Amino acid sequence: MITLLVNTIGIFLVGLIIWWFWIYQSRDDSTKIDNLIEIKVKDGVYQPAHIETEVNHSITLRFIREDPSPCAETVVFSSLNISKQLPLHESVDISLNIKKPGEYEFTCQMGMYRGKLTVK
Ligand SMILES: [Cu+2]
């Protein structure tokens, strides 16, 4: 009877530790970044390809490249002078806070992948 009780408490504590360190903490991490937008780089398109934000507003674009072709390996925001390598299946964050309204295109280095960030 006591063994059963000890085992039950043990399992409960293990569950609590797992919840605290993995589930609870990981949820906390994702809320630290405001306005996180995940963009998949796949099948010749950015998904989503059109993102809207406001001036003086911080956003983070998280690029996840799932296309192994070399075409997809760089994302370029030419009007912002940003160019980033995208390793396959890894996420790459680009944080932006744009001061001027307008349309900012982002493409791969050959311009086959195309996306647009609209800042209002
Ligand atoms: Cu390309």
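To keep things clear, this report deals only with the structure shown in the data block. No experiment lies behind these values; they were computed from the predicted model shown. (Residues numbered from 1 in each chain as written. Predicted model: local features only at pLDDT ≥ 70, side-chain atom pairs only at ≥ 80, totals over all residues. Heavy atoms only, no water.)

A few words now on the overall build of the protein. Of regular secondary structure, the protein possesses one helix and nine strands. Counted from the first residue to the last, the protein has its helices and strands arranged as α-β-β-β-β-β-β-β-β-β. For the protein, the proportion of its 120 residues judged to be buried stands at 28%. At a minimum sequence separation of 6, the contacts of the protein that also span at least 24 residues come to 58%. Accessible area of the protein: about 8,000 Å², with a carbon and sulfur share of 59%. (Helix = DSSP H or I, 4+ residues; strand = E, 2+ residues; numbered from the N terminus. Buried < 20%, exposed > 50% of the residue type's maximum accessible area, 1.4 Å probe, protein only. Contact = heavy atoms within 4.5 Å. Areas by Shrake-Rupley, 256 points an atom, 1.4 Å probe, with all protein chains shown as cover.)

Both strand 8 (residues 102-107) and strand 9 (residues 114-119) contribute to a ladder of six bridges, which runs antiparallel. Among the inter-strand pairings, glutamate 103 is bridged to a residue of strand 9, identified as threonine 118. The antiparallel pairing of strand 8 with strand 9 creates a hairpin that spans six residues between the two strands, and glycine 111 there sits at a positive phi of about 80°. (Pairing = 2+ DSSP bridges.)

Turning next to the packing of aromatic side chains. Enumeration according to the criterion identifies six aromatic pairs in this entry. Relative to phenylalanine 63, the ring of tyrosine 46 has its centre 5.9 Å away and its plane inclined at 75°; by these criteria the two rings are edge-to-face. With tyrosine 46 in strand 2 (residues 45-47) and phenylalanine 63 in strand 4 (residues 58-65), this pair connects stretches of sequence that are 17 residues apart. As far as the burial class goes, tyrosine 46 and phenylalanine 63 line up, both buried. (Phe/Tyr/Trp six-rings, centres within 6.5 Å; stacked < 30°, edge-to-face > 60°.)

On to the pattern of salt bridges, then. Tallied over the entire structure, the rule returns five salt bridges. Between lysine 42 and glutamate 66 there is a salt bridge; the shortest N-O distance is 3.9 Å. Here lysine 42, found in strand 1 (residues 36-42), pairs with glutamate 66, found in the loop between strand 4 and strand 5 (74-77); they are 24 residues apart in sequence, far enough to count as distant. Between glutamate 52 and lysine 120 there is a salt bridge, with the nearest N and O atoms lying 3.3 Å from each other. One end of the pair, glutamate 52, is in strand 3 (residues 50-53); the other, lysine 120, is in the segment after strand 9, with 68 residues separating them in the sequence. You can call lysine 120 exposed: its relative accessible area is 56%. (Salt bridge = Lys/Arg side-chain N within 4 Å of Asp/Glu carboxyl O.)

Time to look at unusual backbone geometry. Among all residues except glycine, the phi angle is most often negative; among peptide bonds, the trans geometry is most common. Following glutamine 47, the chain continues into proline 48 via a peptide bond in cis, with omega recorded as 0°. Positionally, proline 48 belongs in the loop between strand 2 and strand 3. A positive phi angle, close to 50°, is found at aspartate 43, a residue other than glycine. Topologically, aspartate 43 is positioned in the loop between strand 1 and strand 2. Its relative accessible area of 65% is what places aspartate 43 among the exposed residues. Unusually for a residue other than glycine, asparagine 56 sits at a positive phi of about 55°.

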